[in-house]
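Summary of structural features
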Amino acid sequence: MHRKYALSAVAVALAAAFAAPALAQQNVQFIPHLVYRTGPYAPNGIPFANGYVDYLKLVNARDGGINGVKITFEECETGYATDRRVECYERLKGKGPTGAAYFSPLSTGITFALTEKAPGDKIPLITMGYGRSESRDGAVFTWNFPLLGTYWTAADIILQHIAKKEGGFDKLKGKKIALVYHDSPYGKEPIALLEQRAKMHGFEFTPMPVTHPGVEQKATWLQIRQNKPDYVLLWGWGVMNSTSIKEAAAVGFPREKLFGVWWSGAEPDVRPAEAGAKGYSAAMLQHGSGQFGVHADLKKYLYDKGKGVAKWDETGEVLYNRGLVNAMLGVEAIRTAQKKYGNKPLTGEQVRWGIENLELSAARLKELGFEGMLQPLKVSCSDHEGTRAGRIQQWDGAKWVIVSDWYQSDDKVIKPMVDAAAKKYADEKKLTVRDCSKES
């Protein structure tokens, strides 16, 4: 069987060695993999992609696949461009014996676009820690799964931490909080939650957009120096993050009062700023850096045999670990769906059922090697987020250190926002809203 791959050089080698032989067997589950190993976002895209690929390879090498069904994948290089991601989606959605199991778009912008396509194609979207915040409402967004946390969850967790530092939410009255954000659907997502909290607690909120890719921010940080906000939240990606931290240091803004979302809290975000990053904090998508039980298996089955994608000393970094987590959630969703549909390659529609019925207990997470990385997760028809927990980590100049206990985002604040936004979307699109009380 001959197949052409529009991939980077690294991805070509991976796909040639891993995907083609498996496809020939036909008893395989095809998982498309949208990546950006090139372009301005590559420093962040590469470690995530490496972790994701390594986990899929681990499941094949250690377990013989998912209950005997080998995994095959194909990478498609996007450079983080929305139009190229749509092209990749269209090219990959029908591959494999049953089509794509699911897509992880890895961009909020492309998630908005694919939200319109997924229902017709019957392919679920796993948007772990990103995407439309209101898409946690599975009654409306049947095919979207923002597992582990939305941006409203992230913003709320950061504000809870700030409020705790100040002595309570009532102490935020009169404070100034700015948001430096990537001027894209991703960066705009937390604004609604921050505006709502500002009304509730009386702080002054100022959104400050930064144009893609984010290398020019001097005017933004000059404004910050002049306005003297009490705290700044950073919603960046790629080179934008390290640029923001450098500019904060240049204008003398305390890094201890600069808090990033979980996509602004990895090693590529702080190392370029060197000593200027010390004291900077970011939300965690539950997990942090370091090696856990799953890494022992990665070493045994992949790295000791020269089959790992990354360098071994990079396998405990934040974004590599996040790639592991993302792939594990997809694999476990397929495993869950197999309980209903059988140990065979599944369609996207069948895998969607598996994601919606995914439950990972503490015992199962330990068995998988993810103990200490994640809290238990339970997805349902009405709740496509599954959990709303997070922590705060701080860069000490050499490594990330966890500096908070677990926070749970406040659903008394967020749930009404989700309900209103989901209803608006359903009305605009004239969707039939599912009755989750009748779903099994």
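To be clear, the structure that these remarks concern was listed above.
Calculation criteria
Residues numbered from 1 in each chain as written. Predicted model: local features only at pLDDT ≥ 70, side-chain atom pairs only at ≥ 80, totals over all residues. Heavy atoms only, no water. Helix = DSSP H or I, 4+ residues; strand = E, 2+ residues; numbered from the N terminus. Rg over C-alpha atoms; globule rule 2.2 N^0.38 Å. Buried < 20%, exposed > 50% of the residue type's maximum accessible area, 1.4 Å probe, protein only. Contact = heavy atoms within 4.5 Å. Areas by Shrake-Rupley, 256 points an atom, 1.4 Å probe, with all protein chains shown as cover. Lys, Arg positive; Asp, Glu negative; His and termini not counted. Charge placed at Lys NZ, Arg CZ, Asp CG, Glu CD. Axes fitted to C-alpha atoms, helices over the stretch in contact; angles between N-to-C directions. Parallel < 35°, antiparallel > 145°, perpendicular 65-115°, else oblique. Left-handed = near helix turned anticlockwise from the far one by under 90°. Nonpolar A, V, L, I, M, F, W, Y, C, P; charged D, E, K, R; others polar. Disulfide = S-S within 2.5 Å.

So, on to the overall build of the protein. Helix and strand content of the protein: 15 helices and 14 strands. Taken over C-alpha atoms, the radius of gyration comes to 21 Å for the protein, in line with the 22 Å a tight globule of 440 residues would show. With respect to the three principal axes, the spread of C-alpha positions in the protein is 65 × 50 × 40 Å. When each of the 440 residues of the protein is scored for burial, the buried share is 60%. Summarising the internal contacts of the protein: among those between residues at least 6 apart in sequence, 71% fall at separations of at least 24. In the structure as shown, the protein presents an accessible area of about 16500 Å², 51% of it carried by carbon and sulfur atoms. Averaging the coordinates of the 57 positive side-chain charges in the protein and doing the same for the 48 negative ones gives two points 2 Å apart.

Attention shifts here to the packing of helix H5 (residues 151-166) against helix H7 (residues 191-201). To describe two helices that pack against each other, one gives the angle between their axes and the distance between the axes. Where H5 contacts H7, the two axes come as close as 8 Å, and the packing angle between them is 40 degrees. The angle between H5 and H7 falls in the class oblique. Considering the relative orientation of H5 and H7, their crossing is right-handed. Residues Trp-152, Ala-155, Asp-156 and Leu-159 of H5 lie in contact with H7, whose contacting residues are Ala-192, Leu-193, Leu-194 and Arg-197. For the contact of H5 with H7, a count of residues per class yields six nonpolar, no polar and two charged.

With that settled, consider the state of the cysteines. According to the stated counting rule, one finds two disulfides in the structure shown. The disulfide partner of Cys-381 is Cys-436, and the gap between their sulfur atoms is 1.9 Å. Residues Cys-381 and Cys-436 are joined through a disulfide that is left-handed, its torsion about the S-S bond being -70 degrees. With Cys-381 in the loop between strand E11 (377-378) and strand E12 (389-395) and Cys-436 in the segment after helix H15 (411-429), this residue pair connects regions lying 55 residues apart in the sequence. Each disulfide of the protein joins two cysteines, and with those cysteines numbered along the sequence the arrangement is 1-2, 3-4.

Viewed as axis vectors pointing N to C, helix H11 (residues 293-301) and helix H12 (residues 318-341) meet at an angle of 90 degrees, and their least axial separation amounts to 12 Å. Here H11 lies roughly perpendicular to H12, going by the angle between them. Where H11 approaches H12, its residues Val-294, His-295 and Leu-298 are matched on the opposing element by Tyr-320, Asn-321 and Leu-324.

Once that is clear, we can look at unusual backbone geometry. Following His-212, the chain continues into Pro-213 via a peptide bond in cis, with omega recorded as -5 degrees. With a phi close to 60 degrees, Leu-106 is a non-glycine residue in the positive phi region. For Leu-106, the position within the fold is in the loop between helix H3 (82-92) and helix H4 (108-121). Classification of Leu-106 as buried rests on a relative accessible area of 9%.

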